[in-house]
Amino acid sequence: MSERLAQIRRRQRLVIWFALIFIAAVLVLLSPIRNQLLRYAVLHSETVNEDIAKSLIQRDHHPDILISQLWRTRKIPQRLAALDYLKTAPKSLVQSETPLISEAALDPDANARERALGLLQSSRSPRLLDFARAQLSDADPQIRLLGLNYLRATENKQMIPVLLQTLNDPDPTVAATADSVLRLWTGNDFGLRVRDILNDPALDPSATIEPDKLAAIRTAANKWNSWWHTNQSNNTAAPPISISLPSRAEDPLAGDFTLKNLAGQSVRLSDFKNKIVLLNFWTTWCTACQEEIPNLIALQKNHPNDLVIVAISLDGVGAEDDDDIEFKNATNDSPPNATIARIHATIARIVQSRGINYPILLDPHGVIGARFNGFELPTNVLLDSNRVVRRRFIGARSLATLEAMLRDASFPAQQTAALTTR
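Residues numbered from 1 in each chain as written. Predicted model: local features only at pLDDT ≥ 70, side-chain atom pairs only at ≥ 80, totals over all residues. Heavy atoms only, no water.

(A) Region of interest: the sheet that holds strand E1 (residues 258-261). On the basis of which strands lie adjacent, the open sheet formed by 7 strands has the order E2-E1-E5-E4-E3-E6-E7 and mixed pairing. Because the sheet does not close on itself, it has two edges, and the strands there are strand E2 (266-268) and strand E7 (389-394). Strand-to-strand, the axes of this sheet are offset by a mean angle of 30°, without reference to chain direction. Each of strand E3 (276-282), strand E4 (307-313), strand E6 (379-383) and E7 is contacted by helix H18 (residues 399-410), which is oriented at about 155° to E7, the strand it contacts most. (Pairing = 2+ DSSP bridges. Helix = DSSP H or I, 4+ residues; strand = E, 2+ residues; numbered from the N terminus. Axes fitted to C-alpha atoms, helices over the stretch in contact; angles between N-to-C directions. Contact = heavy atoms within 4.5 Å.)

(B) Inspection of the packing of aromatic side chains at higher detail. A complete count under the given rule lists 4 aromatic pairs for this structure. With 5.9 Å between their ring centres and 35° between their planes, tryptophan 227 and tryptophan 228 make a pair best called tilted. For the pair tryptophan 227 and tryptophan 228, a shared accessibility class is recorded, and that class is buried. Aromatic side chains phenylalanine 281 and phenylalanine 372 sit 5.8 Å apart centroid to centroid with 35° between the ring planes, which places their arrangement in the tilted category. Placement of the pair is phenylalanine 281 in strand E3 and phenylalanine 372 in the loop between helix H17 (367-371) and E6, with a sequence separation of 91 residues. Its relative accessible area of 0% is what places phenylalanine 281 among the buried residues. For phenylalanine 372, a relative accessible area of 3% gives the class buried. An aromatic cluster of three or more residues is present, and its members are Phe190, Trp224, Trp227 and Trp228. (Phe/Tyr/Trp six-rings, centres within 6.5 Å; stacked < 30°, edge-to-face > 60°. Buried < 20%, exposed > 50% of the residue type's maximum accessible area, 1.4 Å probe, protein only.)

(C) Structural context of the side chain of arginine 133. Mapped onto the fold, arginine 133 is located in helix H8 (residues 128-134). No salt bridge is formed by the buried arginine 133. Its closest oppositely charged neighbour is aspartate 130, at 5.0 Å. Excluding anything up to four places from it in sequence, arginine 133 contacts Met159, Val162, Ala238, Pro239, Pro240 and Ile241. (Lys, Arg positive; Asp, Glu negative; His and termini not counted. Salt bridge = Lys/Arg side-chain N within 4 Å of Asp/Glu carboxyl O.)

(D) Main features of the state of the cysteines. Scanning the model with the defined rule gives 1 disulfide in all. Shown here is the disulfide that connects cysteine 286 with cysteine 289, its sulfur atoms set 2.4 Å apart. Taking the sign of the S-S torsion, 80° for the link of cysteine 286 and cysteine 289, the bridge is right-handed. On the basis of relative accessible area, cysteine 289 is assigned to the buried category, the value being 1%. (Disulfide = S-S within 2.5 Å.)

In structure tokens, the structure reads:
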């Protein structure tokens, strides 16, 4: 009996050992399987949580490969997550991703450009000068200002002829900023100040630049040119830009989606086939969104056949959050009690009172807003007729700037890239 009991106990111990070995094997294998599943989800989802993406990259044995894969998804959230990770990544990893960063520095997404230029600056890349300079021929004055600010950081006085040309920029703020860089580099002061010239991009479409501002810029430009004529050295020309054009074949691509309009009808992005589409993410409580409406109305009026502006309302996003103060102020009610009907009524009143002439779609849960990182308002995404993202930018723009962006989107992407780096 004792021998049988001993055999049973030995078998029990063997079973326990096998069970422990099995559990240990599962635990060892579970983490890689979980990581692979998470990796697949991050790469193939329409959007991504940046904290999850960062954690996944940190645990990956080949973070450079995963970063490249995120960038090649052609999805805005994944691409921005990859660039955001590089901001705190080891220097060696940043250097290995120089081709990707260089591509991002001329990306259609203004946020991607800003992150890429920041990475070039923090890594002390000699390529910062060329990429900062390349921004100066962009259609968007905010991008030109971005280029000037990074050009300022290079303190390369060979760029003085470039800055003298930028004094003729059609945007007064850009011209005045070029003056400030020249003043910093040379110590000369001809009295022009950005604060006196500051131009509001959300001006009424009929507004023009004040004559006194134009006069102040021209006076300063004449003084700078006279100074340069007297003080220039024998080597007066700025060196040529030496950067490779990025491939536009993997620019962000907008997948089809469906949202309801105010009448409850389903509208698909693909309904606007063969037209340029400007996606405008807005809310009724966003002041800057309200300010850009006249420019959008004018733009749509000017291009009734080749352009469709699609305003996607994010009213209702985060309405379950008691701390959503802006939403409370807009509805005079706590978010949990704000009905969809009330949101619709508020939007309908704005459409009627402002004379909006473009379709309004509703995204109360922010599903499409998340695809385009559209929650910093207003966010605008310009798609060409092939649904390739040609612009993504935050904040209002003047009608003249919107027209220039539209002209760019009418050209093949590779041709636009060439114009950017001329």
